[in-house]
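Results of the structural survey
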Amino acid sequence: MTAVGSAPGVAARTGTAEAPPSRRRRRRRWLGENPLGLLFSAPYIVFVLVVFAYPIVFVVWMSFQDYFFAAPGAVVERPFAGFANYATVLQDPKVWQSFGNVGIFLLINVPLTVVLSLLLAYGLNTIVHAGIFFRVSYYVPYVTASVAVVAVWLFLFSQNGLVNQLLGPLAPDPSWLVNSALAMPTIALFVTWKGMAFYILLYLAALQNVSKELYEAASVDGAGPIRKFFSVTVPGVRPATFLVLLLATITGANLFTEPYLLTNGGGPNGASSSPVLLMYQKGIEQGNPDVAAAIGVILIALVLVIAWIQRTFVGKED
C-alpha cells in the first residue's frame with residue numbers, strides 16, 4: 001500500500017509524468033508501437049505521395065477541365081468542363097475497342113500467368129540438381145530489354161517467320177501480328193512468357209512457407225502427387241495467388257510497350273490498341289490531355305473493381 005500510494009509523489013518529485021492512457025492510445029494509433037519505424041518508412045511514404053498519389057489526384061482534376069498543354073510559365077485559363085471529357089470518351093468507338101482489347105488480353109494473360117507460374121514454381125521447388133540453372137534461365141527474359149525481345153518475336157511471328165515455316169499450310173493468313181483476331185492473343189502470350197519469372201519467384205517464396213508436415217500427413221492418408229498439389233500446395237500458396245492475380249491485372253491494364261512495338265502502335269486497325277496506348281496517342285500525339293485523363297480515370301476505376309472482386313473471392317481469409 002505504501003509503494004502504491006507513493007508512486008504519484010515519486011513521479012512529482014522526479015519531474016516526470018506519464019501520459020494519460022487515452023493520449024497514449026492516440027499516439028500509438030498514429031505512430032504505431034515503435035515511432036522509429038515511421039521515420040525509416042518516411043522516404044517511401046514521400047515517394048508514394050509524389051510519384052503516385054499526386055499524379056492520380058492531378059489526373060482526376062484534369063479530367064474535369066478543358067485542359068491543354070501550354071508553354072512553361074504561361075498563364076492560361078483552363079475552364080471547368082464537367083463531364084464533357086467523359087462524354088467524349090464514352091462516345092468514342094476506339095475507346096470501347098481498346099477496353100475490349102485489354103479485356104481479351106487479361107482473360108488470356110492472367111489465367112496463364114497464375115497456372116504456369118505455379119506449376120513451374122512447384123517443379124523448380126522439387127528439383128534437386130541444376131535448380132539454380134533453371135531458375136536463372138526462366139528469369140533471363142524478364143530482365144532482358146523489351147526492345148531486344150520484341151525483335152526476336154517479330155522474327156518468329158512474321159509472315160515468313162520461323163513459326164509459320166514450322167506450321168506450313170496451317171499458318172494463319174494474314175500472319176499473327178497483322179491478324180485482327182490473333183494480334184492481341186499473340187501479345188498476351190508474349191507478355192506471359194516475358195514476365196512469368198517474377199511471378200515464379202513469388203510462388204517459390206510462398207512454397208517455402210508450406211509446411212512439409214502437411215505433405216507427410218497427406219502421404220499417410222494415401223494422397224498421390226496430384227492430390228497433394230491440389231489439397232496442400234494450392235491452398236498453401238493462396239495469399240501468393242491473390243498477389244499474382246492483382247499484380248498481373250494491374251500490369252496488364254497498363255499494357256503499352258508491347259502493342260506499341262509489336263504492332264506498330266495498336267494495329268491492325270486498332271485490334272491491339274490498349275487504353276494506355278490510346279491515352280498516349282490522344283494526350284501526346286493529338287494534344288488532348290483532358291480526354292486522355294478521363295480514359296485514365298475510367299481505367300483506374302475498372303482496375304479497382306476487378307481488384308475488389310479478386311480480393312472478395314481469392315484474397316479473403318477462410
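Structure's up top.
Now for a look at the structure at hand. (Residues numbered from 1 in each chain as written. Predicted model: local features only at pLDDT ≥ 70, side-chain atom pairs only at ≥ 80, totals over all residues. Heavy atoms only, no water.)

1. Observations concerning the overall build of the chain
Helix and strand content of the chain: 15 helices and 0 strands. Relative to its 318 residues, the chain shows a buried fraction of 34%. With the model as given, the accessible surface of the chain reaches about 19500 Å², and the carbon-plus-sulfur share is 69%. (Helix = DSSP H or I, 4+ residues; strand = E, 2+ residues; numbered from the N terminus. Buried < 20%, exposed > 50% of the residue type's maximum accessible area, 1.4 Å probe, protein only. Areas by Shrake-Rupley, 256 points an atom, 1.4 Å probe, with all protein chains shown as cover.)

2. So, the side chain of Asn 85
Take Asn 85: it is sitting in helix H4 (residues 84-90). Among the residues examined, Asn 85 registers a relative accessible area of 6% and is labelled buried. Here Gln 65 takes part through its backbone oxygen, which lies 2.9 Å from a polar atom of the side chain of Asn 85. With residues up to four places along the chain from it excluded, the contact list for Asn 85 reads Met 62, Ser 63, Phe 64, Gln 65, Asp 290, Val 291 and Ala 294. (Polar contact = N/O pair within 3.5 Å; in protein donor to acceptor, adjacent residues only side chain to side chain. Contact = heavy atoms within 4.5 Å.)

3. Notes on the packing of aromatic side chains
Tallied over the full model, the rule gives 22 aromatic pairs. For the pair Phe 58 and Tyr 67, a centre-to-centre distance of 6.0 Å together with 90° between the ring planes defines the contact as edge-to-face. Among the residues examined, Tyr 67 registers a relative accessible area of 13% and is labelled buried. Through successive ring pairs, a cluster of aromatic residues spans Tyr 54, Phe 58, Trp 61, Tyr 67 and Phe 69. When the ring centre of Tyr 67 is taken as origin, the NZ or CZ atom of Arg 78, which lies over that ring, is 4.2 Å away. Here the basic side chain of Arg 78 rests over the ring of Phe 68, its NZ or CZ set 5.5 Å away from the ring centre. (Phe/Tyr/Trp six-rings, centres within 6.5 Å; stacked < 30°, edge-to-face > 60°. Lys NZ or Arg CZ within 6 Å of the ring centre and 35° of its normal.)

4. Description of the pattern of salt bridges
For the structure shown, the criterion picks out 1 salt bridge. As a salt-bridge pair, Lys 282 and Asp 92 come within 3.0 Å of each other at their nearest N and O atoms. Taken together, the residues Lys 282 in helix H14 (residues 275-285) and Asp 92 in the loop between H4 and helix H5 (93-126) connect sequence positions 190 residues apart. Of the two residues examined, Lys 282 and Asp 92, each falls in the buried class. (Salt bridge = Lys/Arg side-chain N within 4 Å of Asp/Glu carboxyl O.)

5. Details of the layout of surface pockets
The rolling of a water-molecule-sized probe over the atoms marks out the regions of remaining empty space. Taken as a whole, the largest pocket holds about 600 Å³ of empty space. Lining the largest pocket are 25 residues, with Val 59, Asn 254, Met 279, Gly 296 and Ile 300 positioned closest to its centre. Of all the secondary structure elements, the ones that give two or more residues to the lining of the largest pocket are helix H3 (35-63), helix H12 (238-253), H14 and helix H15 (289-315). Per element, the largest residue contribution to the lining of the largest pocket is 10 residues, and it comes from H15. For the lining of the largest pocket, a count of residues per class yields 22 nonpolar, 3 polar and no charged. A volume near 290 Å³ is recorded for the second largest pocket. Val 191, Gly 195, Tyr 199, Thr 251 and Glu 258 are, among the 19 residues lining the second largest pocket, the residues nearest its centre. (1 Å grid on protein atoms, 1.4 Å probe; cavity = no way out; pocket = protein on both sides within 12 Å on 5 of 7 lines; lining within 4 Å. Points joined across faces, edges and corners; volume = space filled by probe spheres on them. Nonpolar A, V, L, I, M, F, W, Y, C, P; charged D, E, K, R; others polar.)

6. Observations regarding empty space enclosed by the protein
Taken as a whole, this structure holds 1 cavity of 30 Å³ or more when the rule is applied. Lining the largest cavity, in full, are Leu 124, Arg 135, Tyr 138, Tyr 139, Ala 197, Ile 200, Leu 201 and Leu 204. When residues of the lining of the largest cavity are traced back to their parent elements, those giving at least two are helix H6 (131-143) and helix H9 (183-207). Sorting elements by how many residues they give to the lining of the largest cavity places H9 first, with 4 residues. Split by residue class, the lining of the largest cavity holds 7 nonpolar, no polar and 1 charged.

7. Let's talk about the nonpolar core
As a rule of thumb, soluble globular proteins bury nonpolar side chains together. Core analysis: the biggest nonpolar cluster contains 38 residues, and Phe 105, Ile 187, Phe 190, Tyr 203, Val 237 and Leu 262 have the highest contact counts within it. For this core, the secondary-structure elements that each account for two or more residues are H5, helix H7 (146-157), H9, helix H10 (212-220), helix H11 (225-236) and H12. In terms of nonpolar packing, the next biggest core, distinct from the first, is built from 13 residues, Val 89, Val 276, Leu 278 and Val 297 among them. (Core = buried A, V, L, I, M, F, W, Y, C linked by side-chain atoms within 4.5 Å.)

8. Notes on a nonpolar patch on the surface
A surface patch of nonpolar side chains, amounting to about 850 Å² of accessible area, comprises Leu 38, Tyr 44, Ile 45, Val 46, Phe 47, Leu 49, Val 50, Val 51 and Phe 52. Along the chain, the position of Val 50 falls in helix H3. (Patch = residues over 30% accessible without salt bridge, like charges linked within 9 Å, V, L, I, M, F, W, Y side chains within 5 Å.)

Spatial relationships are all this shows, so hold off on functional conclusions.
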